[in-house]
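Chain residues, written in single-letter form:
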Amino acid sequence: MAELDACRAEVLGKSASVIQRKVRTFLCRKRYVILQLSAIELQRVVKGVIYMNPLALFAVFYYVINERLLHCTFLCSEFYAGQLARHQFECLRREAASMKIQKDFRMYISRNAYKTTYASAICIQTGMRGMAARNDLRFRRRTKAAIIIQVG
């Protein structure tokens, strides 16, 4: 029993460490993505300021040098968190809309293909049944004629 308990504890310990590793990886990746997006947003703002007012380049660099880039990046990440969330929501909304359009288009194409196949099958079945009925009628007429000839 003690050996089984030890094996069970070992398996549970390994499972717990795997889960913890996955969670830590997820959280670090999330922080990294936020930091990366913040840096991109900071670069966008700086480029926009420089484009709008080239003389502001000195003020931006002075601010970045004095406040340290990392601190500025975190400030920007907090400041632009709402804008980033709105942008991500807009991207998700557009993606969902495009997925719906693609789904509806594929459904339309599939429905048209099904209707064409269905109509073709009905036409073929109708023709085959008509042909079978004509063959049956021709057979009955010949049989009737043969009977009349033999009796008569």
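So, here is what we can say about the structure in this document. As the structure is a computational prediction, the values presented were derived from the model and not from experiment. (Residues numbered from 1 in each chain as written. Predicted model: local features only at pLDDT ≥ 70, side-chain atom pairs only at ≥ 80, totals over all residues. Heavy atoms only, no water.)

**Quick word on the overall build of the chain**
Then, number 1: Within the chain, the regular secondary structure consists of 4 helices and 0 strands.
Then, number 2: Beginning at the N terminus, the succession of helices and strands in the chain can be written as α-α-α-α.
Then, number 3: The proportion of buried residues among the 152 residues of the chain is 9%.
Then, number 4: For the chain, the accessible surface area stands at approximately 13700 Å², while carbon and sulfur atoms represent 67% of it. (Helix = DSSP H or I, 4+ residues; strand = E, 2+ residues; numbered from the N terminus. Buried < 20%, exposed > 50% of the residue type's maximum accessible area, 1.4 Å probe, protein only. Areas by Shrake-Rupley, 256 points an atom, 1.4 Å probe, with all protein chains shown as cover.)

**A closer look at a nonpolar patch on the surface**
Then, number 1: On the surface, a nonpolar cluster with roughly 380 Å² of combined accessible area is contributed by Ile-19, Val-23, Phe-26 and Leu-27.
Then, number 2: By secondary structure assignment, the location of Leu-27 is in helix α1 (residues 2-52).
Then, number 3: In this structure Leu-27 comes out as partly exposed when scored by relative accessible area, which is 37%. (Patch = residues over 30% accessible without salt bridge, like charges linked within 9 Å, V, L, I, M, F, W, Y side chains within 5 Å. Salt bridge = Lys/Arg side-chain N within 4 Å of Asp/Glu carboxyl O.)

**Observations concerning the pattern of salt bridges**
Then, number 1: Enumeration over the complete set of coordinates arrives at 7 salt bridges.
Then, number 2: The partner of Glu-90 in a salt bridge is Arg-93, and the shortest N-O contact between them spans 2.6 Å. Residue Glu-90 and its partner Arg-93 are both found in helix α4 (residues 81-151); the two are separated by 3 residues, about one turn of the helix.
Then, number 3: For Glu-90, a relative accessible area of 27% gives the class partly exposed.

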